[in-house]
Amino acid sequence: MLIGLLTAIAASICYGTGSVLQAVGSRRAARAMPADAGVTAHGGPNLSSTAKAAMTWEFIVGTILDFAGFGLGALASRMLPLFLSQTVISANLVITAVLSVRMLGIRLTRKEWVSIGVVCTALVLLASAAGHEGGHHAPIATHWWLLAVTALIIVGGTVAVRLLGGRAAILAGLLSGLAFGALGVGVRILNGIDPFDPAALLTDPALYAIVLAGAGGMYLHTVALQIGSVNGATAALVVGETVLPGAIGVLWLGDASRPGLAWLAVTGFVLAVAGAVAVAWYGNHDGADPAAAGPAADAAAPAREPAGVS
């Protein structure tokens, strides 16, 4: 349990730091483009603008941290109940919010700090109440359903971003979270890991759901960072990444709390999600505070333009 918790915390730090670096890179790339370039007919970023954002050094380093977070998160998903591992990993929201103060020149309000405190308190409650993880086996039909649902999330999210443009920030963040949640479920039920069996691994639909969820989730998260608040997008991601896999772990995979502490686990889970939603609600920063100075403020300073980036 302790090793699993430390692994999940390390994944959270990697993801949170990576999110802020990706936001810095995305916004720097947006500032370097003409106001009418890289947009769809609906005002959202097109694939070209997203690709240019992904070529900045900040975004590349952030992506490397994301891969590290993915590896650590995968280990945590197999060592802890999903409602605990996914929630601890999703606490990268706290890392994101704190680092955004320095790197994006954002000033958090008292309500945001209170919301972050609620998330941290909820994580303590969850860690105190969590029992051992359930099984790793699921019927093969579940693996196929996971792949189908993941494909629907990614395709639907891509279409929604193109149609809604700048209004799709929170939706893109939420769908990227659902994709990452599907990734966590896929890692948990993946065949051919223990014992290692390459044939079983390569023929498991869950493996391809993991690949699709990782790539598609990263794309949708990048778009959410381009067109909306880094804290709001990350908080929406947190909701999608925790609620669905947590429920699947409890209902179908046998995850459970310690005897007599189910109420504490439920309380912690609800508080964690509520805190994340509160940060999304109060964290709608369009850029750096005008008083912020230096390179960090300059990286976050672009005004809301027709390109739909902020």
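Definitions and cut-offs
Residue indices begin from 1 for each chain and proceed along its sequence in written order. The model is predicted, so local features are restricted to residues of pLDDT at least 70 and side-chain atom pairs to those at 80 or more, both for listing and for counting; the totals for chains, interfaces and linings are taken over all residues. With hydrogens and water excluded, all non-hydrogen atoms of the structure serve as input to the side-chain values. By definition, any uninterrupted DSSP run of H or I lasting at least four residues is a helix, any uninterrupted run of E lasting at least two residues is a strand, and each is numbered from the N terminus. To sort residues, take the accessible area from a 1.4 Å probe on protein chains only and compare it with the maximum for the residue type: under 20% means buried, over 50% means exposed, and anything in between is partly exposed. Contacts: residue pairs with any heavy atoms within 4.5 Å of one another. The Shrake-Rupley method, run with a 1.4 Å probe sphere, supplies the accessible areas, and residue values consider only the shown protein chains as cover. For this analysis, a polar contact is any N or O atom pair within 3.5 Å, provided that within protein one partner can donate a hydrogen and the other can accept it, and provided that sequence-adjacent residues contribute only side-chain to side-chain pairs. Here, expected helix span is obtained from the residue count minus one, scaled by 1.5 Å. Helix axes are fitted to C-alpha atoms over the stretch in contact, other axes to C-alpha atoms as well, and angles between N-to-C directions run from 0 to 180 degrees. Small angles under 35 degrees read as roughly parallel and large ones over 145 as roughly antiparallel, with 65 to 115 read as roughly perpendicular and the rest as oblique. Crossings are sorted by hand: turned counterclockwise from the far helix by less than a right angle, the near helix makes the crossing left-handed, and turned clockwise it makes it right-handed.

Draft legend 1. Focus on the overall build of the protein. Secondary structure summary: the protein contains 13 helices and zero strands in total. When its helices and strands are written in sequence order, the protein yields α-α-α-α-α-α-α-α-α-α-α-α-α. Among the 310 residues that make up the protein, the fraction classed as buried is 55%. For the protein, contacts bridging at least 24 residues in sequence account for 87% of all contacts bridging at least 6. For the protein, the accessible surface area stands at approximately 13,100 Å², while carbon and sulfur atoms represent 74% of it.

Draft legend 2. View of the side chain of Asp255. Along the chain, the position of Asp255 falls in the loop between α11 (230-251) and α12 (262-282). At 2.6 Å, the side chain of Asp255 and the side chain of Arg188 are in polar contact.

Draft legend 3. Summary view of helix α10 (residues 205-227). The end-to-end C-alpha distance of α10, which contains 23 residues, comes to 33 Å, matching closely the 33 Å that a straight helix rising 1.5 Å per residue would cover. Counted residue by residue, α10 has 18 buried out of 23 residues, so it is predominantly covered. Two to three positions downstream of the cap, the backbone nitrogen of Ala206 sits 3.0 Å from a side-chain oxygen, assigning the N-cap of α10 to Asp204.

Draft legend 4. Broad picture of the environment of Val101. By the element assignment, Val101 lies in helix α5 (residues 92-103). Sequence separation of Val101 and Val20 is 81 residues, and the distance between their C-alpha atoms is 10.0 Å. Those residues in contact with Val101 that lie beyond four places of it in its chain are Ile106 and Leu108.

Draft legend 5. Molecular detail of the packing of helix α3 (residues 57-79) against helix α8 (residues 169-189). For the pair α3 and α8, interaxial distance at closest approach is 9 Å and the crossing angle is 55°. By the angle between their directions, the pair α3 and α8 is classed as oblique. Where α3 crosses over α8, the two elements pack in a sense that is right-handed. Two secondary-structure elements touch here, α3 through Phe70, Ala74, Ser77 and Arg78 and α8 through Leu183, Gly184, Val187 and Arg188.

Note that all results are geometric; they support no functional claim without further evidence.
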